[in-house]
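# Understanding the architecture of this molecule
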Amino acid sequence: MTYRVGEAHSMGFQVFVPFSPWSWLLLLVALKCPEASSDLNESTNSTAQREPNVRFAAAGSEPDEKISVFALDYDYVQIPYEVTLWILLASLAKIGFHLYHRLPGLMPESCLLIIVGALVGAIIFGTDHKSPPVMDSSIYFLYLLPPIVLEGGYFMPTRPFFENIGSILWWAGLGALINAFGIGLSLYLICQIKAFGLSDVNLLQNLLFGSLISAVDPVAVLAVFEEARVNEPLYMMIFGEALLNDGISVVLYNILIAFTKMHKFEDIEPVDILAGCARFVIVGVGGVFFGVIFGFISAFITRFTQNISAIEPLIVFMFSYLSYLAAETLYLSGILAITACAVTMKKYVEENVSQTSYTTIKYFMKMLSSVSETLIFIFMGVSTVGKNHEWNWAFICFTLVFCQIWRAISVFALFYVSNQFRTFPFSIKDQCIIFYSGVRGAGSFSLAFLLPLSLFPRKKMFVTATLVVIYFTVFIQGITIGPLVRYLDVKKTNKKESINEELHIRLMDHLKAGIEDVCGHWSHYQVRDKFKKFDHRYLRKILIRKNQPKSSIVSLYKKLEMKQAIEMVETGILSTAAFSVPCQAQRIHRIKRLSPEDVESMRDILTRNMYQVRQRTLSYNKYNLKPQTSEKQAKEILIRRQNTLRESMRKGHSLPWGKPAGTKNIRYLSFPYGRPQPAGRDTRVAELTDNDSSDSELPSIMFKAHSRAGILQESRLTQEIIPMKSLPRGGKPSHFGYQRNTSQEEHDGRGRRGALRPKPLFHAVDEEFESGEESGEETSAIRSRWSGEHRPTRQHHRSHSPLLQRK
Amino acid sequence: MRGVRRAPGIAGAGSRGPVSQASLLRLYHRFRALDRNKKGYLSRMDLQQIGALAVNPLGERIIDSFFPDGNLRLDFPGFVRVLAHFRPIDDEDPGIRDPKEPEPLNSRMNKLRFAFQLYDLDRDGKISRHEMLQVLRLMVGVQVTEEQLESIADRTVQEADEDGDGAVSFLEFTKSLEKMDIEQKMSIRILK
């Protein structure tokens, strides 16, 4: 993480190329054969058409053809077949892309999709194959666009969104308008210059082009600088812009198309313009209104689905889609409707549906949007490699230039104004990042492609220009934004830090995250509180299921623990075989001279294995759901904490001092470890195991799972997990590793001493422990460990006698 | 609420107070929100119920740092006092500070001292090798073996330890971090 080097870039391509040759081969073969057969079919069909009567007659009397055993009917499946091939191809490429783990951090995934699309386009062009008509207006607007927007709306983190909603609306709304009109007007002025041969492009067409080229897709680059941990409001601005931008562009686009379809340009009066503005507002607000209504309806319905949880995802998707369609019927903005629907219903639906439905919904949404986007990009690639381009140097270059200029203008101007009203203004660095993340995506291309040719005789030029802008922004800006963000972040990325510094930095990051969590989120209190009150009093009562068993969370947690414990044992983390540790005492006095490689490897270990600091923002990746590492990490930490908590609660059980080791069996409960010397350790382990199986209590199962194996480990885990009260039955105390301190013999010798060891656990006897300092390593280890970890108050001691009695 | 500002301990070090007025108000709201049973003080349990702290590897220690000297109750001044360490350092008026007044809580030294206390559990003023090892254990995933951890802890102490006593004192700690931008790492914007 601290060392990003550029050479990764070149190596990345080698990785996913191996995948591609197979796919290309497959694709080529697949296309060639059908080629041949479709020609064949063509000819047979044509002959048949020439003499239909003959055919029927022939069929009536006696067939002159044999029934063919093998036949190829490619036409029948052509469209779904090729579409499926495309999607598979993109998925294979994505697998390759992610295999090399540094690559996603270098370039956005849209780059990959575009490359795949271009390759498919090249193949189709090369084989002169007619590509299936995936993209026409109705298919795009009815089937391809809604999933993309739904996914964006669903995964948006609501709290930061509403906290920053003023800035987001101001920036997204006005920004889109400024960009659209700015670019349109500037291009119009350019078109007026006779030398470029563009004078037939009138103002309306330029404005329309401006509106479609200003549809940015900045979320695509979020994955690239995610690691730089941009601050939350910045993240939200980018996300919010992406979300609202599509909707606004489409609304503008439709209005301008309506204008274009109207009378000629000269007939447009100010009244029309005002009507256009009013329409803009109504379309936007109306769409949101529809979306909210549908969101509430679907949340309400999910309240009753506990018995047929299989249809829960269906309800969610169908209602969202319905909101889109209903809004489109009334010429309102379907995009804003579906976004509002997703945002509204998310909170309630998540509480109502079962865990598996929730997961299904998330994954299915990602899948749908990913399929849509893939198809659009591939189609973009197909139309790139083709003969239908019109290249006009002036138009294209100026388009590029104006896109950047107007984006810069809108960013800096709008943020300057909104900073006056914000408690935490956006710095210039943030604004630069926002400016630079103006990457265009599938949205612009689709709108350009769907321009009606009748109204736009120079449509090809527009398409070419759009393609150029997309390629430029995605590749050049997408790849360079990572280094730019890291540079702006003033991170000393290239300097090798010493191990000390790494450790301390990570500690401070964790500390800072923790303190931030203690401080909580600060927002506009009044509005949020009022909404929360309203929500609690009315909405939740209506929309959320009654009798939500709170214990479902608890049982889930326990299941997690048990499952993890079982896994750990099975994967050998807690294997007893790993035991054998040199004596502790000598270590500390010997100052080892470490070679640089050792230091290097240590640093490596640290970097790779230290827990990540918790991201306070929901980090959003457009193409992937968050990988499991953070969950795994959270589980580990939680389990460890649970154990230390339980341990600390059990500290109250006092071990009567001075009892010889032998008698501690009976009172094992009172102190967590200390086991008579395991001459027959293995047999004892076996016995423990047997006992364990009879135990039904979940927590203790886990403990036993650990204790059974975890006696004398090197594995760090045991030190954290094991020292819980293990409740071995039948009076066999479990032995908690004095971790590295013990070889068998040592342990034998210290049996009695071992009995005293747990002492430092207890508050009450801390002071006595201090005197035991001379025992050296182990004791100080335990002391620092326990007294540090467990400082719970004395009241805990007494409260836990009931637990004691139970056994 | 007005009285909070004048409550003992809130006045803090320096004329500017530990945190700004606006932040103080927000912290007070937060304190009230955390205090579920409206007891007027916070107990450990209240802080433990902050979900996000539970998955923080240093969660327990952070909570401990709010309860110094074995206190059981955290009142509002104490709450603010701890959080004041994380206020961003003002660059504005370095010269105005009266040298006789105690250092403001959010000075670099005090921030470092706060971090130091996370390591030094027994408060002996030194981070022993074991304390370092404890912290390492907390912060590293389960797949690292004990031996590796020990050698890393060894090395860490060795790097910082100058007087050869096998432990890292506070001065050695500060020295090892002199190149770090502590102010930025241990500052929280919202406490400005």
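Data block above holds the structure.
This text gives an overview of the structure that appears in the document. What you see is a predicted model; the values in this text were computed from it and never measured.

### Focus: the overall build of chain B
When its secondary structure is counted, chain B shows eleven helices and two strands. Out of the 192 residues in chain B, the part that is buried amounts to 56%. Of the contacts formed within chain B by residues at least 6 apart in sequence, a portion of 57% connects residues at least 24 apart. Carbon and sulfur atoms provide 51% of the accessible area of chain B, an area that totals close to 8,400 Å².

### Description of a nonpolar patch on the surface
On the surface, A:Trp170, A:Tyr416, A:Val417 and A:Phe421 cluster together to form a nonpolar patch covering roughly 470 Å² of accessible area. Locating A:Phe421 in the fold gives a position in the loop between α15 (393-419) and α16 (428-436).

### Digging into helix α7 (residues 108-119) of chain B
Taking 1.5 Å per residue, twelve residues should reach 16 Å; α7(B) reaches 17 Å between its end C-alpha atoms and fits that length. Taken together, the buried positions of α7(B) are B:Asn110, B:Lys111, B:Leu112, B:Phe114, B:Ala115, B:Phe116, B:Leu118 and B:Tyr119.

### So, the environment of B:Ala167
Residues and elements named next belong to chain B. Positionally, Ala167 belongs in strand β2 (residues 167-169). Judged by its relative accessible area of 7%, Ala167 is buried. Taking the C-alpha atoms as reference points, Ala167 and Ile127, 40 residues apart in sequence, are found 5.4 Å from one another. In contact with Ala167, other than residues within four places in its own chain, are Lys126, Ile127, Ser128, Val157, Asp161 and Glu172.

### A short note on the packing of helix α19 (residues 499-519) of chain A against helix α9 (residues 146-160) of chain B
One can describe the packing of α19(A) onto α9(B) by two numbers: an axis separation of 8 Å at closest approach and a directional angle of 105°. By the angle between their axes, α19(A) is roughly perpendicular relative to α9(B). Contact residues: A:Ile499, A:Asn500 and A:Leu503 in α19(A); B:Ile152, B:Arg155, B:Thr156, B:Glu159 and B:Ala160 in α9(B). Here the contact of α19(A) with α9(B) is composed, by residue class, of four nonpolar, two polar and two charged.

### So, helix α11 (residues 270-301) of chain A
Taking 1.5 Å per residue, 32 residues should reach 46 Å; α11(A) reaches 46 Å between its end C-alpha atoms and fits that length. Within the span of α11(A), buried status applies to A:Gly276, A:Val283, A:Gly284, A:Gly286, A:Gly287, A:Gly291, A:Phe294, A:Gly295, A:Ser298 and A:Ala299.

Parameters and conventions
Residues numbered from 1 in each chain as written. Chains lettered and ligands numbered in written order. Predicted model: local features only at pLDDT ≥ 70, side-chain atom pairs only at ≥ 80, totals over all residues. Heavy atoms only, no water. Helix = DSSP H or I, 4+ residues; strand = E, 2+ residues; numbered from the N terminus. Buried < 20%, exposed > 50% of the residue type's maximum accessible area, 1.4 Å probe, protein only. Contact = heavy atoms within 4.5 Å. Areas by Shrake-Rupley, 256 points an atom, 1.4 Å probe, with all protein chains shown as cover. Patch = residues over 30% accessible without salt bridge, like charges linked within 9 Å, V, L, I, M, F, W, Y side chains within 5 Å. Salt bridge = Lys/Arg side-chain N within 4 Å of Asp/Glu carboxyl O. Expected span 1.5 Å × (residues − 1). Axes fitted to C-alpha atoms, helices over the stretch in contact; angles between N-to-C directions. Parallel < 35°, antiparallel > 145°, perpendicular 65-115°, else oblique. Nonpolar A, V, L, I, M, F, W, Y, C, P; charged D, E, K, R; others polar.

None of this, on its own, says anything about what the molecule does.
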